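Remarks on the overall topology
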Amino acid sequence: DDGDSGVVRIRTAAGAITPVEVSAEILSVLRRRAEEHFGMGASDELAGAVITVPAYFDDAQRQATKDAAKLAGLQVLRLINEPTAAALAYGLDSGSEGLYAIYDLGGGTFDISILRLSRGVFEVVATGGDAMLGGDDFDLALSAQLLVAWGIASGYGALSPADKRSLTRLARRLKEQLTDIADVDSPIGDIWTASDGCRHEATITRNDFDQVTRHLVDRTLDGCHQVMQDAALKGPERRGVVLVGGSTRMPCIRRRVAQFFCCEPRIDIDPDEVVAVGAALQANLLAGNRPDGDD
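The structure contained in this document is the topic of the report that follows. (Residues numbered from 1 in each chain as written. Predicted model: local features only at pLDDT ≥ 70, side-chain atom pairs only at ≥ 80, totals over all residues. Heavy atoms only, no water.)

Description of the overall build of the chain
Basically, it comes down to this: Strands are runs of DSSP state E lasting at least 2 residues, helices are runs of H or I lasting at least 4, and numbering of each runs from the N terminus. Exposed residues in this analysis have more than 50% of their type's maximum accessible area, buried residues have under 20%, and partly exposed residues fall in between, with area computed by a 1.4 Å probe over protein chains only. In these tables, accessible area is a Shrake-Rupley quantity obtained with a 1.4 Å probe, and a residue counts as shielded only by the protein chains included in the view.
From N to C terminus, the chain includes nine helices and ten strands. C-alpha extents for the chain along the principal axes are approximately 60 × 55 × 40 Å. In the chain, which comprises 295 residues, the share counted as buried stands at 39%. Carbon and sulfur atoms make up 49% of the accessible area of the chain, which amounts to about 15,900 Å² in all.

Right under this line is the structure:
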């Protein structure tokens, strides 16, 4: 709903609000959580915040983010790109100069960025990805395969909303369990009960899962190939690869990324937290603290 002013508005229980107002509400909640975590009282002042944004954000999107922060009562100390934050978390700004790849696969989107490090400063050389590809697609692919195995010809699209939700939860649970399985041929199982009362046994191995979702991994690597071409990436310049996003926990992702880039990706830091860690390190420096944490 764009109303009469041409500004996009979202209909909510509280009325029509703009995307900036939605972002501001999210930032307000995050601010309150931070204040509670640090035990800040009414007399304490939050000096500001470092906020991360996707590397592909244009000037208008970055300004909208700043506007949202202002509505939330936050002073923006700096906006930094998410891949840059991930690189900072790993201390790559103190590493060898050259090109670094940041492979970011979340629940709903995939982003790949190439950063160039020169004299301790990162430059985003190229970005790409797929806004319609993420971990949820791996769940759906497994769900569809289970229906085939059970002989349910109508497929996922014909399921009731309740059955879709329960089957997707089952697929996600199996996916997460398979992540920790060492033997790729060791089967795991679970039971799915449809809304009509029918019970179906789901049995799958990690090797089966890898085959079912191979086309999705291929799509991410196609994006990597395109970004490497855009960056005119040469082998000797490549210094490393960082994995970001919870979906990069899947062994099939880590294995194929390592094969594609011909090096083992950095996975030391929780992929769900690595961007936030980088932002926190940047905020610490802007606050005047040394990297070692001493004042």
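Here the narrative resumes.
Describing the pattern of salt bridges
The following threshold applies: The salt bridge definition used is simple: a Lys or Arg side-chain nitrogen within 4 Å of an Asp or Glu carboxyl oxygen.
The final tally for this structure, using the stated rule, is eleven salt bridges. Put simply, Arg256 and Asp218 hold a salt bridge, and the shortest N to O gap is 2.5 Å. Of the two residues, Arg256 is situated in helix 8 (residues 251-261) and Asp218 in helix 7 (residues 214-230); the sequence distance between them amounts to 38 residues. Judged by its relative accessible area of 11%, Arg256 is buried. One salt bridge in this structure joins Arg266 and Asp268, with 3.6 Å as the shortest N-O distance. When its relative accessible area of 30% is taken as the criterion, Arg266 is described as partly exposed.

Some thoughts on the nonpolar core
Spelled out, the test is: To qualify as a nonpolar core, a set must consist of buried Ala, Val, Leu, Ile, Met, Phe, Trp, Tyr and Cys residues joined through side-chain atoms within 4.5 Å. Note on contacts: a residue pair qualifies if any of its non-hydrogen atoms lie within 4.5 Å across the two residues.
Grouped together as the largest cluster of nonpolar side chains are 42 residues, with contacts concentrated most on Tyr103 and Ile253. Looking at this core, the element that brings in the most residues is helix 7, giving six residues. Aside from chain neighbours lying at most four places away, what touches Tyr103 is Phe110, Asp111, Ile112, Thr220, Cys224, Val242, Leu243, Val244, Thr248, Ile253 and Val257. Within the second largest apolar cluster, 19 residues are counted, among which are Val50, Ala86, Val242 and Val274.

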